[in-house]
Structure formats: C-alpha cells, structure tokens
Amino acid sequence: MKKTNLIWLFIGMVFIIPCLAYAGFSFYERYFQKLPVYGNASAIPAFALTNQDNQTATLEEWNNKIVVADFFFTQCPSICPKMTNSLKRVQQAFNPDDILIRSFSVDPETDDPKKLQSYVGQFGIETTNWSLLTGDKKEIYKLARNGFMLVATDGDGGPNDFIHSEKLVLVDKQKQIRGYYDGTSEQEVNMLISDIKKLQHEN
C-alpha cells in the first residue's frame, strides 16, 4: 500500500506539478504580464481630423480609452480589406465601451468623408466605437511617422510620399504605444486581442 502511494506521489511530482506550474505561468503571462512601452514612453501627439460622418475627430476622444489604430486607404486591393476584417474581429471580441478603433486614410485626397462612409457600408463596419479618419495629408503622415512610428522612411507628406503598412497599433489609456501586430495574420490578431485584455487588467 505504501509503495502504491509512493508511486502516485512520484507521478504527481513528475507530471501534475509541472502542468500546474505551466498553467499558472500561462495564465499570468496572458493576463498580467506587462506589455512593453514603445517610443520612450512618448504619447501620441494631438491631431484634428475628420471622420466618415464629416465630424471633427481629435485625440481628446481617446482619453482613458484603449485604442487600436491602423493606416489604410479605401482603394487598397490587397492588405487593407484583410486588416479591416481583422479589426472587425477585434471589435467583436469586446464591448463597445472597452476599446476604440481608429483607421487613418493614407490617401486623404481621395478618401473624403463620402468615400469613407461608402467603405463603412461596403465592409459592414459598426461605427459605435470605430471611426475612419481623413484630413490634411501632411498631418496624417507626420502622425504616422512621428506619433505612431509606423515607418522608418523619411517623407514630408507631399504628392509623391506614400505610406502603406499592414500594422495594427495598440495604444493604452495614457496614449502610449504598447504593441504592433500584422493585421493580415490571424495569429497576430489573436495576440492583439490577448494583449488588449492584459491592458484591461493593467489599468
């Protein structure tokens, strides 16, 4: 009888305890491990743009909100539709009050509010907490480079300047960047959803 107990104790030590330890670590890593802060903890700079409803949109809307942002354009035939569908999945994973989604057009001269509204209808976007933004190209490109640090290339937002990125950017309630994710990758979008939950526990 004692020998049987010792065998079960051995099995517990070798298999069960490591499994419990791994489960505990995975739970901690998934929900409580802090995400890095990108850009030397500098916050996203202020801006004033126009949304799909032809209303002014500013950084003040982000106060005390977790935000997911991307840079797209409505005529994009490749990565942008995939990114938009990924953002729809992110949106559906949370209550509307939990997060904001902001999509900045990198072709604002074409993407006026009417075009953005058409894109909303085309993709069935729920705009309760999701806005598509347009405005001055120089301001948007400066925001993409200096605020979101989306690309390392130089540019002035002039006629020949163009930014095209598949990245989704996670911003915390202090307007600090906490992660970059490939919006065309299901695995990375899953990671984004998980990281949003971490920020919810952090804040």
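Details of the structure are given in the entry above.
The rules behind each value
- Residues numbered from 1 in each chain as written.
- Predicted model: local features only at pLDDT ≥ 70, side-chain atom pairs only at ≥ 80, totals over all residues.
- Heavy atoms only, no water.
- Helix = DSSP H or I, 4+ residues; strand = E, 2+ residues; numbered from the N terminus.
- Buried < 20%, exposed > 50% of the residue type's maximum accessible area, 1.4 Å probe, protein only.
- Contact = heavy atoms within 4.5 Å.
- Areas by Shrake-Rupley, 256 points an atom, 1.4 Å probe, with all protein chains shown as cover.
- Polar contact = N/O pair within 3.5 Å; in protein donor to acceptor, adjacent residues only side chain to side chain.
- Core = buried A, V, L, I, M, F, W, Y, C linked by side-chain atoms within 4.5 Å.
- Axes fitted to C-alpha atoms, helices over the stretch in contact; angles between N-to-C directions.
- Left-handed = near helix turned anticlockwise from the far one by under 90°.
- Nonpolar A, V, L, I, M, F, W, Y, C, P; charged D, E, K, R; others polar.
- Salt bridge = Lys/Arg side-chain N within 4 Å of Asp/Glu carboxyl O.

Enquirer: In this structure, what is going on with the overall build of the chain? I would like to understand it.
Expert: Broken down by element type, the chain carries five helices and eight strands. Ordered by position from N to C terminus, the α and β elements of the chain give α-β-β-β-β-α-β-α-β-α-β-β-α. Here the chain holds 203 residues, and the buried ones make up 43% of them. Look at the contacts in the chain between residues 6 or more apart in sequence, and 71% of them connect residues 24 or more apart. Entry remark: accessible area of the chain is about 11100 Å², with carbon and sulfur atoms responsible for 53%.

Enquirer: Please clarify how the side chain of D172 should be interpreted in this entry.
Expert: Within the element layout of this structure, D172 appears in the loop between β7 (167-171) and β8 (176-182). Of note is the side chain of D172, whose polar atom sits 2.9 Å from the backbone nitrogen of Q174. When residues no more than four places from it in sequence are discounted, the contact partners of D172 are K65, R178 and L199.

Enquirer: Explain the nonpolar core here, please?
Expert: If you look at the biggest cluster of nonpolar residues, it comprises 52 residues, and the most contacted ones within it are W62, V90, F104, F148, L170 and I196. Counting residues per element, this core draws most heavily on strand β4 (residues 66-72), at six residues. Setting aside residues no more than four positions away along its own chain, I196 makes contact with I66, V68, V90, F94, I99 and L170.

Enquirer: So what exactly am I meant to see when it comes to the packing of helix α2 (residues 79-92) against helix α5 (residues 186-202) here?
Expert: A pair of packed helices can be characterised by two numbers: the angle between their axes and the separation between those axes. Relative orientation of the contacting elements α2 and α5 amounts to 30 degrees, with a least axis distance of 10 Å. Regarding α2 and α5, the two cross each other, and that crossing is right-handed. Contact residues: α2 offers S86, R89 and V90, while α5 offers E186, V189, N190, L192, I193 and I196. Residue composition of the contact of α2 with α5, by class: five nonpolar, two polar and two charged.

Enquirer: I keep staring at the pattern of salt bridges and nothing clicks. Help me out?
Expert: Should the charged atoms of two oppositely charged side chains come close, the side chains can pair. Taken as a whole and judged by the stated rule, the model has six salt bridges. Among the ionic pairs, E166 bridges to K167, the shortest N-O distance being 3.9 Å. K167 sits in the partly exposed class, given a relative accessible area of 25%.

Enquirer: Help me understand the environment of K142 in this model?
Expert: Tracing the backbone shows K142 in helix α4 (residues 137-147). The exposure class assigned to K142 is exposed, which follows from its relative accessible area of 57%.

By themselves, these observations are geometric and do not establish any function.
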